[in-house]
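Observations on the three-dimensional arrangement
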Amino acid sequence: MVTNELTTSRATPLQAARARGRVRGRLILLGPAFVAAVAYVDPGNFATNSAAGARYGYLLVWVVVVANLMAMLVQTLTAKLGLATGRSLPELCRERLPRPVNRVMWAQAELVAMATDLAEVIGGAVALYLLFGIPLLPGGIIIGATAFAVLALRSRGFRAFEIAIAVGLGVIVLAFAANLLAAGSDPGSAMAGLVPRLQGTDSVLLAAGILGATVMPHVIYVHSALTRDRIPATDDTERRILLRGQRTDVLLALSAAGAVNLAMLLIAAASFRGGGPGGADSLEGVHAGLGQTIGTAAAFGFAVALLVSGLASTSVGTYAGEVIMQGFLRRRVPLLLRRLVTLLPALAVLAIGLDPTQALVLSQVILSFGIPFALIPVVIFTRRRDLMGNLVNHPLTTAAASVVAALVVALNAFLLWQVAAG
């Protein structure tokens, strides 16, 4: 007994985790990507994917698929960055970039956090209205306040928070799986939608919105902090073991999120494209249209998924705000103040009565413009052997990530040109 106790006391954190058994030892490595994945199915995705399906049918299926593949690559890199360096992306930016550049990075990251909260709070408020008839402004306040309850789970350790978020993701997956089965789809048209093409400025705007709603800048920042804070590695062998676990984590979590995003578009395309209920490109219209075309159960499932999405994603967004401020400025602020900074713009939109769905879509476009500011540093840092050690990128990985960054910048430049040209 004494020998076993001494052996356990000398075990590294990873060895102690793996000693729990084959299954539990592997499950303990999963979690951070599921926290990130909830942000990939936030209310902004509901708005942009549903609007894309309602307006253009299966035209933008390829955007959803490509964006999800890009997200897998990006989240794998940012998870690896936190694991290899023991620091979050904002911390590395503060340490490695000139101070003026770091301040610009912080300012745009705060705008990204506000745009994120705009989508999450508005979406949750719309869900409360659809389910219980609560007006949007009080509903937004309820969603913002409820985030504290989810965030409080972090005081019990990282597993409680991760499990709660993963359960929320599971509810969303089940709701959309049931609705897709009920709605059906046209497999041939869906396959044709994998061919890249666009139709005018509005389709480009939606494509940029889908990209912004899928590749989320704030979870690029937060994922590196999640892997940094989790299980510390003591040598290169343990880092490689943890990296394999993180790759599995990303594959499972973002596959689930990608399936939900694709289901959103397919349901809207099957139910509303070509003579479906009017107004189906708004959240309220989708809810009403599902009730007309599929049934009340489908409409209820959509509203419940929207509510769970808003609650879970706004909690992750608030945590991301902490990571951003602490990393870029090395400052901590009270959680209540941090919550209010990003919550107020969303409440202002609700108070003045702007169209919720249009505000959601535009917020996702803002997020798409924030992607390069987060993605380019990730590519630069993960290719540096002095930072990454034996986890440094393979040249092909760096090339692929560079192509992703270039595509994002090109899409946004094309969007600006299209809008300027009318």
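Rules used throughout
- Residues numbered from 1 in each chain as written.
- Predicted model: local features only at pLDDT ≥ 70, side-chain atom pairs only at ≥ 80, totals over all residues.
- Heavy atoms only, no water.
- Helix = DSSP H or I, 4+ residues; strand = E, 2+ residues; numbered from the N terminus.
- Rg over C-alpha atoms; globule rule 2.2 N^0.38 Å.
- Buried < 20%, exposed > 50% of the residue type's maximum accessible area, 1.4 Å probe, protein only.
- Contact = heavy atoms within 4.5 Å.
- Areas by Shrake-Rupley, 256 points an atom, 1.4 Å probe, with all protein chains shown as cover.
- Lys, Arg positive; Asp, Glu negative; His and termini not counted.
- Charge placed at Lys NZ, Arg CZ, Asp CG, Glu CD.
- Salt bridge = Lys/Arg side-chain N within 4 Å of Asp/Glu carboxyl O.
- Expected span 1.5 Å × (residues − 1).
- Axes fitted to C-alpha atoms, helices over the stretch in contact; angles between N-to-C directions.
- Parallel < 35°, antiparallel > 145°, perpendicular 65-115°, else oblique.
- Left-handed = near helix turned anticlockwise from the far one by under 90°.
- Nonpolar A, V, L, I, M, F, W, Y, C, P; charged D, E, K, R; others polar.
- Phe/Tyr/Trp six-rings, centres within 6.5 Å; stacked < 30°, edge-to-face > 60°.
- Patch = residues over 30% accessible without salt bridge, like charges linked within 9 Å, V, L, I, M, F, W, Y side chains within 5 Å.
- Polar contact = N/O pair within 3.5 Å; in protein donor to acceptor, adjacent residues only side chain to side chain.
- pLDDT = per-residue confidence, 0-100.

Our next topic: the overall build of the protein chain. Check the secondary structure of the protein chain and you find 20 helices and zero strands. For the protein chain, whose C-alpha radius of gyration is 21 Å, the value lies close to the compact-globule estimate of 22 Å for 422 residues. Projecting the C-alpha coordinates of the protein chain onto the three principal axes gives extents of approximately 70 × 50 × 45 Å. Put simply, the protein chain has 422 residues, and 55% of those count as buried. The long-range share in the protein chain, meaning contacts at least 24 apart out of those at least 6 apart in sequence, stands at 84%. For the protein chain, the computed accessible surface area is about 17,100 Å², with 65% contributed by carbon and sulfur atoms. Of the side-chain charges in the protein chain, 32 are positive and 20 negative, and the distance between the mean point of each set is 8 Å.

It is worth spelling out the pattern of salt bridges at this point. What the rule picks out here adds up to six salt bridges. Of the charged contacts in the structure, one is a salt bridge between Arg228 and Glu91, with a shortest N-O distance of 2.9 Å. Pair noted here: Arg228 is in helix 13 (residues 217–228) and Glu91 is in helix 7 (residues 89–96), with a separation of 137 residues, a long-range link. Through salt bridges with shared partners, a single ionic network connects Arg87, Arg94 and Glu95.

Turning our attention to helix 5 (residues 43–56). For helix 5, which comprises 14 residues, the first-to-last C-alpha distance of 20 Å matches the rise-based estimate of 20 Å (1.5 Å per residue) to within 8%. Of all 14 residues in helix 5, 13 are buried, a share of seventy percent or more. Following helix 5 by one or two positions, Gly57 adopts a phi angle in the positive range, close to 65°.

Packing of helix 4 (residues 32–39) against helix 14 (residues 236–272) brings their axes to within 8 Å, and their N-to-C directions diverge by 25°. It follows that helix 4 is roughly parallel to helix 14 by the angle criterion. In this structure, the crossing between helix 4 and helix 14 has a hand that is right-handed. Listed contacts from helix 14 to Pro32, Ala33, Phe34 and Ala37 of helix 4 are Gln246, Asp249, Val250, Leu252, Ala253, Leu254 and Ala257. For the contact of helix 4 with helix 14, the class distribution of residues is nine nonpolar, one polar and one charged.

Below, the discussion takes up the packing of aromatic side chains. Taken as a whole and judged by the stated rule, the model has five aromatic pairs. Taken together, a centroid distance of 6.3 Å and an interplanar angle of 70° make the contact between Phe161 and Tyr319 edge-to-face. Residue Phe161 is found in helix 10 (residues 158–183), and its partner Tyr319 is found in helix 16 (residues 296–329); the two are separated by 158 residues along the sequence. Taking 6.3 Å as the distance between ring centres and 75° as the angle between the ring planes, the aromatic pair formed by Phe176 and Phe302 counts as edge-to-face.

Turning next to the environment of Pro187. In this structure, Pro187 sits in helix 11 (residues 187–192). A C-alpha to C-alpha distance of 23 Å links Pro187 and Val41, two positions 146 residues apart in sequence.

Attention now goes to unusual backbone geometry. One non-glycine residue, Arg330, lies in positive phi territory at about 55°. Mapping Arg330 onto the fold places it in the loop between helix 16 and helix 17 (335–352).

Another point: a positive patch on the surface. Together, Arg18, Arg22, Arg26, Arg240, Arg244 and Arg247 line one region of the surface with positive charge. Those elements that place two or more of their residues in the positive patch are helix 3 (22–27) and helix 14. Within the element layout of this structure, Arg244 appears in helix 14.

Further remarks concern the environment of Leu367. Note on placement: Leu367 falls in helix 18 (residues 356–382). Under the relative-accessibility criterion, Leu367 is labelled buried at 0%. Taking the C-alpha atoms as reference, Leu367 lies 6.7 Å from Pro217; in sequence the two are 150 residues apart.

Looking now at the environment of Thr12. Within the secondary structure, Thr12 is located in the loop between helix 1 (2–10) and helix 2 (13–18). On the basis of relative accessible area, Thr12 is assigned to the buried category, the value being 15%. Sequence-wise, Thr12 and Pro377 are 365 residues apart; in three dimensions their C-alpha atoms are separated by 31 Å. Within the structure, the side chain of Thr12 is placed 2.7 Å from the side chain of Glu238, a separation counted as a polar contact.

Running from N to C, helix 9 (residues 136–151) and helix 16 point in directions that differ by 70°, and their axes come no closer than 8 Å. It follows from the interaxial angle that helix 9 and helix 16 lie roughly perpendicular. Considering the relative orientation of helix 9 and helix 16, their crossing is right-handed. Residues Ile143, Thr146, Ala147, Val150 and Leu151 of helix 9 pack against Leu307, Gly310, Leu311, Thr314, Ser315, Thr318 and Tyr319 of helix 16.

A word on the confidence of the model for the protein chain. Overall, the prediction assigns the protein chain a mean pLDDT of 85, with 93% of residues at 70 or greater. Within the protein chain, helix 1 has the poorest average pLDDT of any element, 49, and helix 7 the best, 95. Ignoring residues within four places in sequence, the model shows residues 1–8, a span with pLDDT below 50, making zero contacts including any to other chains.

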